[in-house]
Amino acid sequence: MLSRPQNNKNKAQPDSDVCEKCPARSSRLQRLGVHMEDCDYIIALAGNPNTGKSTVFNRLTGLRQHTGNWPGKTITRAEGAFAYKDHRYKMIDLPGTYSLLSVSPDEDVARDFLLFGKPDVTVVVVDATSLERNLNLVLQILQITTAVVVCLNLMDEAEAHGIQIDTRQLARELGVPVVPCVAREGKGIPELLKEIEFVAKNRTREKTYTLKLKIPGLNEALETVSKNLFHYYPDLPHIEWIALRLLEGDRQMADSILTGRIGLIYDESESNKDENNASTKPAKMSEEEVKKFLALVESLRWRLPYNFNDQLTEAIYSESEKICSKCLVREGESQRLVWQQRMDRLLTSPYTAFPLMALLFCLVLWITVVGANYPSELLSKLLVDWGYNELKNLFVSAGLPAVITGIFVDGAYLATAWVTSVMLPPMAIFFPIFTILEDFGYLPRVAFNLDKLFQKVGAHGKQALTMTMGLGCNAAGVIATRIIDSPRERLIAIITNNFSLCNGRWPTQILISTVFIGSLFPAPLSGLVSALSVMCVALLGFAFAFLVSLALSKTILKGETSSFSLELPPYRPPNILRTLYTSLVDRTIFVLWRAVVFAFPAGIFIWLICNLSISGHPIAFWAVKFLDPLAWVMGLTGAVLLAYIVAIPANEIVIPATLMLTTLVANFSINGAQAGVLMEANESAIRTILIGNGWTPLTAICLLLFSLCHNPCSTTLYTIYKETGKWRWVVISTVIPLVIGFILCSLVSTIWRLF
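Residues numbered from 1 in each chain as written. Predicted model: local features only at pLDDT ≥ 70, side-chain atom pairs only at ≥ 80, totals over all residues. Heavy atoms only, no water.

Enquirer: Teacher, can you tell me more about the overall build of the chain here?
Expert: When its secondary structure is counted, the chain shows 31 helices and 11 strands. Per-residue burial over the chain gives 56% buried out of 755 residues. In the chain, the proportion of contacts linking residues at least 24 apart, taken out of those at least 6 apart, comes to 77%. Within the structure as shown, the chain displays about 33,100 Å² of accessible surface, and the carbon and sulfur contribution to it stands at 61%. (Helix = DSSP H or I, 4+ residues; strand = E, 2+ residues; numbered from the N terminus. Buried < 20%, exposed > 50% of the residue type's maximum accessible area, 1.4 Å probe, protein only. Contact = heavy atoms within 4.5 Å. Areas by Shrake-Rupley, 256 points an atom, 1.4 Å probe, with all protein chains shown as cover.)

Enquirer: Looking at this structure, I do not really get unusual backbone geometry. What am I missing?
Expert: With the exception of glycine, most residues fall at negative phi, and the peptide bonds are largely trans. Residue N50 is not a glycine yet carries a positive backbone phi of 60°. Note on placement: N50 falls in the loop between strand 1 (41-47) and helix 3 (53-61). Of the residues examined, N50 reaches a relative accessible area of 32% and is grouped as partly exposed. Phi is positive for L154, which is not a glycine, with a value near 65°. Relative to the assigned elements, L154 resides in the loop between strand 6 (148-153) and helix 6 (155-160).

Enquirer: I keep staring at the pattern of salt bridges and nothing clicks. Help me out?
Expert: A side chain with one charge may pair with a side chain of the opposite charge, provided their charged atoms come close. Applying the stated criterion across every chain yields a total of 15 salt bridges. D40 is paired through a salt bridge with R88; the nearest N and O atoms lie 3.4 Å apart. Here D40 is found in the loop between helix 2 (23-31) and strand 1, whereas its partner R88 is found in strand 4 (residues 87-93), with 48 residues between them in sequence. For R88, a relative accessible area of 40% translates into the label partly exposed. We note a salt bridge from D93 to K53, for which the minimum N-O separation is 2.6 Å. Note that D93 is positioned in strand 4 and K53 in helix 3, a separation of 40 residues in sequence. On the basis of relative accessibility, which here comes to 9%, the residue K53 falls in the buried class. Because the salt bridges share partners, they merge into one network encompassing K85, E197 and K201. (Salt bridge = Lys/Arg side-chain N within 4 Å of Asp/Glu carboxyl O.)

Enquirer: Even after reading the chapter, I still don't get helix 7 (residues 167-174), so can you show me in this structure?
Expert: Each turn of an α-helix holds 3.6 residues, which means side chains three or four residues apart point in the same direction. Extensive coverage of helix 7 is indicated by the burial of six of its eight residues. Turning to helix 7, its buried residues are T167, Q169, L170, A171, E173 and L174. At its buried positions, helix 7 is contacted by helix 5 (131-142), strand 6, strand 7 (163-165), strand 8 (178-180) and helix 14 (308-327). Of the residues flanking the start of helix 7, the one acting as N-cap is D166, its side-chain oxygen 3.2 Å from the backbone nitrogen of R168. (Polar contact = N/O pair within 3.5 Å; in protein donor to acceptor, adjacent residues only side chain to side chain.)

Enquirer: It is not clear to me how a nonpolar patch on the surface should be interpreted in this structure. Could you clarify?
Expert: Together, L363, W366, I367, V370, L520, F521, L525, L528 and L532 give the surface a local cluster of nonpolar side chains, amounting to about 750 Å² of exposed area. Listing elements by their share of the nonpolar patch, those giving two or more residues are helix 16 (353-397) and helix 23 (523-554). In terms of residue count, the dominant contributor to the nonpolar patch is helix 16 (four residues). Following the sequence through the fold, L528 ends up in helix 23. (Patch = residues over 30% accessible without salt bridge, like charges linked within 9 Å, V, L, I, M, F, W, Y side chains within 5 Å.)

Enquirer: Please clarify how helix 29 (residues 697-708) should be interpreted in this entry.
Expert: With 12 residues, helix 29 ought to run about 16 Å at 1.5 Å a step, and its terminal C-alpha atoms sit 17 Å apart, in line with that. For helix 29, the buried fraction is high: 10 of the 12 residues fall into the buried class. Taken together, the buried positions of helix 29 are occupied by L698, T699, A700, C702, L703, L704, L705, F706, S707 and L708. (Expected span 1.5 Å × (residues − 1).)

Enquirer: Before we go on, may I ask you to explain the nonpolar core in this structure?
Expert: In a soluble, globular protein the nonpolar side chains are often hidden away together inside. Membership of the largest hydrophobic core comes to 106 residues, with the highest contact counts inside it found for W506, I512, L636, L642 and L661. Apart from the residues within four sequence positions on either side, L661 is in contact with I609, C610, A620, A639, L642 and A643. (Core = buried A, V, L, I, M, F, W, Y, C linked by side-chain atoms within 4.5 Å.)

Enquirer: Even after reading the chapter, I still don't get the pairing of strand 1, so can you show me in this structure?
Expert: The two faces of the sheet receive side chains in turn, since in a regular strand these alternate between them. Along strand 1, seven of the seven residues are buried, which leaves the element largely enclosed by surrounding structure. Because side chains alternate across strand 1, one face comprises the buried residues Y41, I43, L45 and G47, and the other comprises I42, A44 and A46, equally buried. Note: strand 1 against strand 5 (residues 121-127), five bridges, orientation parallel. Its bridge partner being in strand 5, A44 is matched across the sheet by T122. (Pairing = 2+ DSSP bridges.)

Enquirer: Can you walk me through the pairing of strand 5 in this structure?
Expert: Most of strand 5 is tucked away, with seven of its seven residues classed as buried. Here strand 5 runs beside strand 6; their pairing, made up of six bridges, is parallel. When the bridges of strand 6 are listed, V123 appears paired with V149. On the question of chirality, the crossover connecting strand 5 to the parallel strand 6 by way of helix 5 is right-handed. (Right-handed = clockwise from strand over helix to strand, strands pointing away.)

Enquirer: How do you make sense of the packing of aromatic side chains when you look at a structure like this?
Expert: The geometry of an aromatic ring pair comes down to the distance between the two centres and the angle between the two planes. In this structure the tally under the stated criterion is 11 aromatic pairs. Geometrically, the ring pair formed by F82 and Y89 is stacked, given 5.1 Å between the ring centres and 10° between the ring planes. Classification of F82 as buried rests on a relative accessible area of 4%. Relative accessible area serves as the criterion here: at 2%, Y89 is assigned to the buried category. (Phe/Tyr/Trp six-rings, centres within 6.5 Å; stacked < 30°, edge-to-face > 60°.)

Enquirer: Hey, could you run me through the packing of helix 26 (residues 638-646) against helix 27 (residues 654-665) in this one?
Expert: Between two packed helices, what matters for the description is the angle formed by their axes and the separation of those axes. The N-to-C vectors of helix 26 and helix 27 enclose an angle of 135°; their axes lie 8 Å apart at closest approach. Viewed along their axes, helix 26 and helix 27 adopt a mutual orientation that is oblique. Crossing of helix 26 over helix 27 shows right-handed handedness. Here helix 26 contributes A639, V640, L642, A643 and Y644 to the contact with helix 27, which in turn contributes V654, A657, T658, L661 and T662. Here the residues of the contact of helix 26 with helix 27 sort into eight nonpolar, two polar and no charged. (Axes fitted to C-alpha atoms, helices over the stretch in contact; angles between N-to-C directions. Parallel < 35°, antiparallel > 145°, perpendicular 65-115°, else oblique. Left-handed = near helix turned anticlockwise from the far one by under 90°. Nonpolar A, V, L, I, M, F, W, Y, C, P; charged D, E, K, R; others polar.)

Enquirer: What should I look at first to understand the confidence of the model for the chain in this one?
Expert: The predicted coordinates ought not to be read in detail in places where the model reports low pLDDT. Taken over all residues, the pLDDT of the chain has a mean of 80, while the share at 70 or more is 83%. For the chain, per-element mean pLDDT is lowest for helix 12 (residues 268-271), which scores 44, and highest for strand 8, which scores 95. Ignoring residues within four places in sequence, the model shows residues 1-18, a span with pLDDT below 50, making 39 contacts including any to other chains. A low-confidence stretch, residues 66-74 stays under pLDDT 50, and its non-local contacts, those more than four residues away or across chains, total 31 contacts. (pLDDT = per-residue confidence, 0-100.)

Enquirer: Is there a simple way to explain the side chain of T405 in this structure?
Expert: With respect to the secondary-structure elements, T405 resides in helix 17 (residues 402-440). For T405, the residues in contact, after removing those within four places along its chain, are K392, F395, L400 and D410.

Enquirer: Explain the packing of helix 25 (residues 619-633) against helix 27 here, please?
Expert: In contact at an axis separation of 10 Å, helix 25 and helix 27 are set at 95° when each is read in the N-to-C sense. Between helix 25 and helix 27, the crossing angle belongs to the class labelled roughly perpendicular. In this structure, helix 25 uses A620, F621, V624 and K625 to contact helix 27, whose residues at the interface are L661, L664 and V665. In terms of residue class, the contact of helix 25 with helix 27 is made up of six nonpolar, no polar and one charged.

Enquirer: How should the side chain of T508 be read in this particular structure?
Expert: Inspection of the secondary structure puts T508 in helix 22 (residues 506-517). Setting aside residues up to four positions removed in sequence, T508 forms contacts with N651, V654, I655, L704 and S707.

Next comes the structure, spelled out in structure tokens:
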């Protein structure tokens with residue numbers, strides 16, 4: 001049921017066409033990083049975290065979206081576009097925030113855009129199962145703008161919990177439209193679009209909710225500050241709210257007074273009505289007047305109660321509670337809530353959480369290892385056995401020179417074919433499972449469980465989330481550290497993210513564990529043992545992340561550990577079709593394409609160093625021989641170290657590079673194939689190649705360890721530079737894992753040889 005408060009239809013409304021085409025408004029939005037080209041209205045999307053805001057955003061914008069950063073910030077901004085009837089809309093997804101009263105970067109971005117950007121409509125996504133808490137943000141936004149639509153999401157969850165909400169009464173209380181939705185299923189989205197259009201065309205509301213703050217001395221202080229603001233900015237909207245923020249000590253708001261940025265809030269549509277009317281133009285405050293004004297605000301602050309901020313927060317929550325008492329009814333005890341509480345006791349208990357995490361992690365890896373074997377073999381036969389021969393016959397029949405055939409067929413094609421056959425099957429299994437766990441609500445529980453451990457080593461609890469993101473891609477994990485406010489703790493998270501096994505290293509881990517470790521056991525146990533091996537390496541990576549975080553927090557990155565709030569979302573059944581699309585298209589294909597792009601030139605480079613000779617031997621031969629002494633100390637081979645140097649652009653090509661270099665140096669081939677050219681990619685062929693060239697279980701174990709502890713790929717290194725702005729942190733992020741990898745592998749090989 002759609003709920004819209006009654007408005008005075010005879011009230012004059014602003015000319016929306018004039019407003020949208022106003023050059024001053026367009027310039028103001030550009031300063032905030034938003035461009036109005038090809039759109040008629042700007043829509044802001046706000047809400048608490050875990051309210052389904054991203055789902056609403058995706059439902060409305062579909063694939064017409066892109067991401068970037070807010071100007072001068074490291075906070076990600078998502079933009080999308082959609083059309084409804086005869087108008088085009090641009091939607092800005094603001095950072096999820098619980099309040100506009102705090103001073104975190106996320107809250108600053110959300111508040112500044114609502115205040116200075118003045119969107120045509122602000123859609124506030126509200127969790128229907130936690131209405132009272134979510135109304136806290138709604139009431140604050142209503143003090144900034146009246147062009148608001150409340151999207152009451154997760155109505156199915158509310159009904160399952162026995163919660164009944166009178167949306168008509170809620171709309172009357174707030175004075176803005178309220179649209180009940182189930183965004184995951186698309187329910188309520190057509191009604192939401194209708195309300196967005198209505199509010200965009202009728203931006204002036206007759207009456208919206210005004211906070212009633214009964215705090216001693218506040219009304220007098222507000223009146224004094226408001227009068228002074230009105231003197232310089234007579235048409236400044238929401239003067240009382242701005243005065244309230246100044247009295248609360250909002251540093252950003254005070255800076256906007258100092259810099260004159262506060263004038264951007266001024267309504268051009270009003271100020272341009274009469275250019276000769278001085279009363280409608282903002283006066284410019286002199287430097288002396290600014291100092292006097294801010295000194296007045298500071299003196300008034302001292303007259304307010306010492307716990308003014310606490311009283312203000314309590315007053316807003318009290319208002320939310322009053323509204324909820326009129327609109328919300330709970331019917332008996334929620335069985336789903338009881339079930340969720342039981343699940344949380346099991347999944348977050350200090351006694352059961354970590355064993356279950358390890359068991360689930362092992363299960364995911366086992367499914368990935370076992371499930372990837374057969375499709376990987378099929379792809380190998382298709383791309384390597386059949387595809388290679390067909391492509392080479394095509395080049396030969398075309399009469400192309402042998403060097404061209406070698407570069408593009410033996411080098412580039414075989415490298416990309418091998419990467420595809422090895423990477424695609426495990427990623428197509430791992431990423432969907434990972435996404436299902438994410439949608440189900442389990443991954444936030446993992447972060448909750450690891451929070452105390454990260455706090456003990458001087459890192460931020462949110463580092464657990466960035467490490468989890470690193471399991472997919474380290475570059476993405478580095479970008480994800482933006483959710484950490486503390487610069488010190490963010491640097492710790494960036495430097496240690498490489499200890500989280502990324503997708504490019506999973507194929508190496510899975511393949512080597514299967515070929516060398518799993519093969520030592522009977523067939524029924526082979527897959528399980530391989531999965532346990534990979535899990536041990538991954539857990540070792542988390543252990544190194546803890547140790548390095550502790551070392552950094554005690555040395556070059558000393559400081560206090562900050563706290564954070566993590567809301568555990570409700571358990572929800574995953575949307576299987578959306579999960580498959582997101583994981584296969586957005587993640588698997590994207591990562592595979594990146595690997596292929598890097599593998600293609602790397603294959604050419606490998607072929608060249610394998611076929612260009614110096615003193616009768618290929619360049620690669622001399623390079624491997626040069627690295628052999630160091631590699632022997634580490635329990636590896638020179639071919640492995642050279643492969644890691646060649647594979648700096650992408651970890652995905654480590655194995656094909658290792659095999660090509662191994663066959664070249666040993667003058668070893670299969671089925672009469674040219675040395676240095678990989679002809680087959682199945683496990684038996686790989687085992688034959690490596691064991692035939694002197695590989696032992698020690699070599700395999702040291703490779704698994706070095707795969708965990710080595711330099712990040714070039715994409716991650718560049719991302720670290722872009723996020724930190726200093727090459728110093730890039731060097732540190734490279735050197736630390738390399739040093740640990742050298743010491744660890746050398747220690748293991750020494751002990752192995754002694755016993």
